[in-house]
Amino acid sequence: MKTKKNISFIGMPAVGKSTVGNLLTQKIDFAFLDSDDLIQSREHQTLAQIISSKGRSRFLEIEEQHILSIDCSHHVIATGGSVIYSPKAMAHLSRISTILYLFVDLKTLLTRLSDITARGVAIDEGKSIEDLYKERTPLYDKYHDIKIDCTSMTAEQVAERVMAYLS
């Protein structure tokens, strides 16, 4: 497999980073790490609770710290959608992994992502999912090694596509 020692997924919330990551680990001899789960475990709060109690800016700092602490090999890493706000975190992920951007169009995203508050999405007050999409898409495009359009694919099909790109 032509990859760095890990594979990292970036993309908007609800594009399937964790689902595809788990499927991929069943196909290759890698372990799975979800950075959102890592944050929640270490902070003893859900993402929504951290954002609510500490604010978006502090959440992004916490996320960056936890991403920078990742030191592993042979892992599929599913990141939170906001990881791309941190150049330091993205530089670290780029050093330790091949970065795959799982992309869906806005129409598809709107059908998948409804309750951004409960989900713990780092979004400024008053902004819509559309605003977030427009803000983040150029950052995902900046940081990926491979971009996969998942708009009309199942998670299994995306995992197969990832395998094709990496082999």
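Right above here is the structure, for reference.
Colleague: Quick rundown of the overall build of the chain? Include the residues and the values.
Modeller: When its secondary structure is counted, the chain shows 9 helices and 5 strands. Each helix (α) and strand (β) of the chain, taken in turn from the N terminus, gives the series β-α-β-α-α-α-β-α-β-α-α-α-β-α. Its C-alpha atoms give the chain a radius of gyration of 15 Å, near enough to 15 Å, the size a compact globule of 167 residues would have. Counting only C-alpha atoms and orienting by the principal axes, one finds that the chain spans roughly 45 × 35 × 25 Å. In the chain, buried positions account for 49% of the 167 residues. Considering only residue pairs separated by 6 or more positions, the chain has 72% of its internal contacts joining residues 24 or more positions apart. Taking the average place of the 20 positive charges on the side chains of the chain and the average place of its 21 negative ones, the gap between the two points comes to 4 Å.

Colleague: Give me the pairing of strand S4 (residues 98-103): which residues, what numbers.
Modeller: Of all the 6 residues making up S4, 6 are buried; the element is thus mostly covered by neighbouring parts of the structure. Because side chains alternate across S4, one face comprises the buried residues Thr 98, Leu 100 and Leu 102, and the other comprises Ile 99, Tyr 101 and Phe 103, equally buried. By the bridge criterion, 4 bridges tie strand S1 (residues 6-10) to S4 in an arrangement that is parallel. By the bridge assignment for S4, Ile 7 is matched with Thr 98. Both S4 and strand S5 (residues 146-149) contribute to a ladder of 4 bridges, which runs parallel.

Colleague: A description of the pattern of salt bridges should follow, citing residues and the corresponding values.
Modeller: This structure, assessed with the given rule, holds 8 salt bridges. Note that Glu 160 is salt-bridged to Lys 27, the shortest N-O span being 2.8 Å. Of the two residues, Glu 160 is situated in helix H9 (residues 155-166) and Lys 27 in helix H1 (residues 17-27); the sequence distance between them amounts to 133 residues. Arg 56 is the salt-bridge partner of Glu 135, the closest N and O atoms lying 3.9 Å from each other. Taken together, the residues Glu 135 in helix H8 (residues 129-143) and Arg 56 in helix H4 (residues 56-68) connect sequence positions 79 residues apart. By relative accessible area, Arg 56 is classed as buried at 18%.

What counts as what
Residues numbered from 1 in each chain as written. Predicted model: local features only at pLDDT ≥ 70, side-chain atom pairs only at ≥ 80, totals over all residues. Heavy atoms only, no water. Helix = DSSP H or I, 4+ residues; strand = E, 2+ residues; numbered from the N terminus. Rg over C-alpha atoms; globule rule 2.2 N^0.38 Å. Buried < 20%, exposed > 50% of the residue type's maximum accessible area, 1.4 Å probe, protein only. Contact = heavy atoms within 4.5 Å. Lys, Arg positive; Asp, Glu negative; His and termini not counted. Charge placed at Lys NZ, Arg CZ, Asp CG, Glu CD. Pairing = 2+ DSSP bridges. Salt bridge = Lys/Arg side-chain N within 4 Å of Asp/Glu carboxyl O.

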